[in-house]
Amino acid sequence: DSISARLDNLVAEVDFDTESLDIKGVTGNFGKSRFEASGLVNFGKKPEVDINLRSKDLALEDLGEIIVAGKPLKVSGTAIVDVGAKGFYPDLELQGEVLLSDVEVEHAIMKLPAKNVEGRVKLSGNSVSTENLRMVFMDSPVLVKGSVIGVSDPHFDITASFADIRLSRAKEVFAPDI
């Protein structure tokens with residue numbers, strides 16, 4: 001299911017020639033979500049990109065299948081998105097923020113979903129960070145702080161604080177064969 005299949009009601013003001021595409025403004029719907037974008041793409045042997053994307057109510061399930069660690073990541077809920085991508089393709093740096101609201105995340109590695117995910121995720125260069133991401137995981141309130149640096153070879157520096165966790169539940173999720 002391609003991303004373009006979920007785009008409709010597009011209105012755009014662009015200037016283009018053989019060297020560049022100047023997106024003065026684009027608005028439209030991405031699935032159930034309204035979005036706007038602007039930016040510049042310079043074509044060439046190594047295309048240069050400077051694009052900004054905003055949505056006040058992005059339905060995360062409209063993103064479709066995302067593969068993480070070789071398995072599908074299922075995400076639902078909503079987000080306020082204000083992000084940009086800048087640099088020479090494919091080595092783009094990201095900037096901006098994503099504010100998550102009532103999000104649920106499921107992945108085979110986690111065994112159980114993370115529910116009621118709320119908080120701000122910051123994108124800067126090649127890192128993703130959060131200072132106060134709250135959720136319910138294994139029936140316990142959890143606070144997540146930290147960062148992931150690098151996409152192709154990620155370095156994780158994350159702290160998850162569980163308010164109240166049953167050890168039998170943790171064993172079921174993290175060490176089911178013991």
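Analysis parameters
The residue numbering used here restarts from 1 in each chain and proceeds along that chain's sequence as written. Per-residue local features are limited, in this predicted model, to residues with pLDDT of at least 70; the limit for side-chain atom pairs, both in listing and counting, is 80 or more; totals at the level of whole chains, interfaces and linings are taken over all residues. Think of the side-chain values as coming from all heavy atoms in the structure, minus any hydrogens and water. Helix numbering and strand numbering both begin at the N terminus, where a helix is a DSSP run of H or I of at least 4 residues and a strand a DSSP run of E of at least 2. For the exposure calls, accessible area comes from a 1.4 Å probe over protein chains only, and a residue counts as buried if that area is under 20% of its type's maximum, exposed if over 50%, partly exposed in between. Throughout, a contact is declared for two residues whenever any of their heavy atoms are within 4.5 Å. The accessible surface values rely on the Shrake-Rupley method and a 1.4 Å probe; as for residues, cover is taken only from the protein chains in view. For patch detection, residues must exceed 30% relative accessible area and be free of salt bridges, and they are connected within 9 Å for like charges or within 5 Å for nonpolar side chains (Val, Leu, Ile, Met, Phe, Trp, Tyr). Salt-bridge detection follows one rule: a side-chain nitrogen of Lys or Arg within 4 Å of a carboxyl oxygen of Asp or Glu. Residues enter a nonpolar core if they are buried and are Ala, Val, Leu, Ile, Met, Phe, Trp, Tyr or Cys, with the set joined through side-chain atoms within 4.5 Å. We place a 1 Å grid over just the protein atoms. Points where a 1.4 Å probe fits but has no way out form a cavity, open points with protein on both sides within 12 Å along at least 5 of 7 lines form a pocket, and any residue with an atom within 4 Å of a point lines it. Grid points are joined across faces, edges and corners, and a volume is the space filled by probe spheres set on the points. For this classification, Asp, Glu, Lys and Arg are treated as charged, while Ala, Val, Leu, Ile, Met, Phe, Trp, Tyr, Cys and Pro are nonpolar and the rest, including Gly, are polar. Each polar contact in these results corresponds to two N or O atoms within 3.5 Å; when the atoms are within protein, one needs to be able to donate a hydrogen and the other to accept it, and residues that are neighboring in sequence are counted only if both atoms are side-chain atoms. Two strands form a pair only when DSSP identifies at least two bridges running between them.

(A) Representation of the overall build of the chain. Each helix and strand in the chain was counted, giving one helix and 11 strands. In the chain, the succession of helices and strands from N to C terminus is β-β-β-β-β-β-β-β-β-β-β-α. Across its three principal directions, the C-alpha atoms of the chain cover 60 × 35 × 30 Å. Every one of the 178 residues in the chain was classed for burial, and the buried ones make up 30%. At a minimum sequence separation of 6, the contacts of the chain that also span at least 24 residues come to 34%. Looking at the chain as shown, the accessible area adds up to about 11600 Å², and 56% of this sits on carbon and sulfur atoms.

(B) How the structure looks around a nonpolar patch on the surface. There is a patch of nonpolar side chains on the surface, built from Leu 63, Ile 66 and Val 68 and spanning about 190 Å² of accessible area. Its location among the elements puts Val 68 in strand β5 (residues 66-68). On the basis of relative accessible area, Val 68 is assigned to the partly exposed category, the value being 36%.

(C) Structural detail: the pattern of salt bridges. Scanning all chains against the criterion turns up seven salt bridges. Note that Asp 22 and Lys 24 form a salt bridge whose closest N and O atoms lie 3.0 Å from each other. We classify Asp 22 as partly exposed; its relative accessible area is 24%. Lys 24 sits in the partly exposed class, given a relative accessible area of 43%. Through salt bridges with shared partners, one network takes in Asp 15, Asp 22 and Lys 24.

(D) Representation of the nonpolar core. Core analysis: the largest hydrophobic core is formed by 26 residues, its most contacted members being Leu 60, Leu 100, Val 103, Val 117, Leu 133 and Met 135. Those elements giving two or more residues to this core turn out to be β2 (20-30), β6 (71-88), β7 (91-107), β8 (114-125), β9 (127-137) and β10 (140-149). Residues within four places of Val 103 in sequence aside, it is in contact with Leu 60, Val 75, Ser 76, Gly 77, Thr 78, Ala 114, Lys 115, Asn 116 and Val 117.

(E) Representation of the layout of surface pockets in the model. What the second largest pocket holds in volume is close to 160 Å³. Thr 27, Ser 33, Arg 34, Phe 35, Glu 36, Arg 54, Ser 55, Lys 56, Asp 57, Ile 80, Val 81 and Asp 82 are the residues that line the second largest pocket. Taken together, the residues that form the lining of the second largest pocket break down as three nonpolar, three polar and six charged.

(F) Layout of the side chain of Thr 130. Position of Thr 130 among the secondary structure elements: in strand β9. A distance of 2.9 Å separates a polar side-chain atom of Thr 130 from the backbone oxygen of Arg 120. When sequence neighbours within four positions are dropped, the list of residues in contact with Thr 130 reads Arg 120, Val 144, Lys 145 and Gly 146.

(G) How the structure looks around the pairing of β2. As judged from the eight bridges shared by strand β1 (residues 7-16) and β2, these two strands associate in the antiparallel manner. Opposite Phe 16, over in β2, you have Leu 21 as the bridge partner. Count of turn residues in the β1/β2 antiparallel hairpin: three residues. Sheet topology places β2 next to strand β3 (residues 33-42); nine bridges connect them, and they run antiparallel. The partner of Ile 23 across the bridge, within β3, is Gly 39. Linking β2 back to β3 in an antiparallel pair, the connection comprises two residues, with Gly 31 at a positive phi of about 65 degrees.

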